[in-house]
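A look at the structure
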Amino acid sequence: MLSEDWVRALYPGVRDQVYLDVAAVGIVSTRVENAMAEVVTAHSRRGISAAAEWRAMITRTRELVAELVGGNTRRVAFTQNTSTGLALVANGIDWCAGDNVVVPAGEFPSNFYPWTQLRRHGVELREVPMVDGHADMDVIASLIDRRTRVVAISAVQYSSGYRYDLAPLGRLCRARDAFLVVDGTQAVGALAIDADAIGIDVLAVGAHKWMLGPFGIGFVALSERAMERLHPSATGWLSVEQPFDFDHEPRLADDGRRFESGTENAAGIAGLGATIATVLEIGRETVETVVLDRTAELAALLAASGLRVSRPAERARWSGILIATTDLDDAGLHRRLLEARVLCSLRAAGLRFAPHYFTTSSDLEHLAAQL
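The written sequence of each chain sets the order in which its residues are numbered from 1. For a predicted model such as this one, the threshold for reporting local features is a pLDDT of at least 70, and the threshold for listing and counting side-chain atom pairs is 80 or more; totals across whole chains, interfaces and linings nevertheless cover every residue. No hydrogens and no water enter the side-chain calculation; it runs on all heavy atoms of the structure.

1. Quick look at the sheet that holds strand β11 (residues 308-310)
Convention followed: When DSSP finds two or more bridges between a pair of strands, those strands are recorded as paired. Put simply, DSSP marks the helices as runs of H or I at least four residues long and the strands as runs of E at least two long, and each gets a number from the N terminus on. Here, axes are lines fitted to C-alpha atoms. For helices the fit covers the stretch in contact, and angles between N-to-C directions go from 0 to 180 degrees.
Pairing is antiparallel in the open sheet, where four strands are placed in the order β11-β12-β15-β14. Single-partner strands in this sheet number two, and they are β11 and β14 (345-347). The mean angle between the axes of side-by-side strands here comes to 35 degrees, regardless of whether they run parallel or antiparallel. Of the strand pairs in this sheet, strand β12 (residues 322-325) and strand β15 (residues 350-353) are connected by three bridges, and their pairing is antiparallel.

2. Observations concerning the packing of helix α3 (residues 51-69) against helix α10 (residues 266-282)
Stated formally: Working definition: roughly parallel below 35 degrees, roughly antiparallel above 145 degrees, roughly perpendicular at 65 to 115 degrees, and oblique for all remaining angles. In this scheme the handedness of a crossing depends on how the near helix is turned from the far one: anticlockwise by less than a right angle means left-handed, clockwise means right-handed. In this analysis, two residues are considered to be in contact whenever any of their non-hydrogen atoms come within 4.5 Å of each other.
Running from N to C, α3 and α10 cross one another at 40 degrees; their axes reach a closest spacing of 9 Å. As far as their axial angle goes, α10 and α3 are oblique. Regarding α3 and α10, the two cross each other, and that crossing is left-handed. Counted together, Trp54, Met57, Ile58, Thr61, Leu64, Val65, Glu67 and Leu68 of α3 and Ala266, Ile269, Ala270, Leu272, Gly273, Ile276, Ala277, Val279 and Leu280 of α10 form the full contact between these two elements.

3. Some thoughts on the sheet that holds strand β10 (residues 218-222)
Strand order in the open sheet made by the seven strands is β2-β10-β9-β8-β7-β3-β4, with mixed pairing throughout. Because the sheet does not close on itself, it has two edges, and the strands there are β2 (76-79) and β4 (124-128). Between one strand and the next, the sheet's axes are offset by a mean angle of 20 degrees, whatever the strand orientation. One ladder, built from five bridges, connects strand β9 (residues 202-206) with β10; its direction is antiparallel. Within β10, the residue paired with Val202 across the bridge is Leu222. Sitting on the sheet, helix α7 (residues 167-176) is in contact with β7 (148-154) and β8 (179-183), with an inclination near 145 degrees to β8.

4. What about the side chain of Asn100?
Definition in use: Per-residue accessibility, obtained with a 1.4 Å probe over protein chains only, is compared with the maximum for each type, and a residue is labelled buried under 20%, exposed over 50%, and partly exposed between these values.
Considering the arrangement of structural elements, one finds Asn100 in strand β3 (residues 100-104). A relative accessible area of 0% places Asn100 in the buried class. Dropping the residues within four chain positions of it, Asn100 is found in contact with Val123, Glu124, Arg126, Leu143, Asp145, Arg147, Thr148, Arg149 and Val150.

5. With respect to the environment of Ala299
Following the sequence through the fold, Ala299 ends up in helix α11 (residues 284-304). In this structure, the C-alpha to C-alpha distance between Ala299 and Ala77, residues 222 residues apart in sequence, is 37 Å. For Ala299, the residues in contact, after removing those within four places along its chain, are Val309, Arg311 and Leu322.

Set out below in structure tokens:
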């Protein structure tokens, strides 16, 4: 059983506020803070002599990423954020006029804007209508044909909290020879995802939400066929097999490093490694259970207070995101909650609540008291 006292000690930022806004920005632990500070301190005191330690830490973090998402260490590449991860796909395919991309119409901009830019190559953007906060898998399947190069989708829809069953889509994309590209930023860190088993070709994740990690660091976990087919869109001195040989002609690394162009964000990677290690210490399934149980508890409290809660009936479609609306004034309620140090987001669909494994029943009772 997860110890609330142990977890709360890791997150001093939740002691004087009820933090239910992880779907916007997570809050980092003291472990993340200390891991990043160690890198910066070593940089300050020792400069390049600390580089060997950083390289070892980066290798270890790559292993942790693979363990977290059910991928392979050699197929992990670090990125700045979700957008740069998805750009590896948009810029890494040899597009031809008449190709198409299938994507839900209500995707977060990071997973929609890049595909719109492909129209200049004659690529068709096939938008899947959103109904009740998600795209219908049968409609997605009907839009995939022999010219579909990418099916892009979020593991969890940011606007509704709907969690997709990605495994059937993974099998379909393999059968049609299309890449399944998944924005995992609203899922990974809270929900267990096994990228290779599902058949995800590119899983792009930013660390600053459910990962509870730093800004400006993320990763992609790639399939074997994505590794083989995607061209690096930005090649730099660290993209090669032996960076310190300074060869005139590049020999690209045969692993995920080929997608990393220049000097790494060592402090960010250290923070990423620290937060992943915490999730793995607790257990991915334990974290998911706690997050979903907290959203169930929260949904009951909100409904008892007269709010309308939108969520699927099946627990398998739940995520850490919960959307609720009032009959009168969502914006006014949002202001009152912020004044009471209850942090959540106001979105077009209503109030968006996002608890994590550091959220307690006492937090939710404090929220209920404001309602």
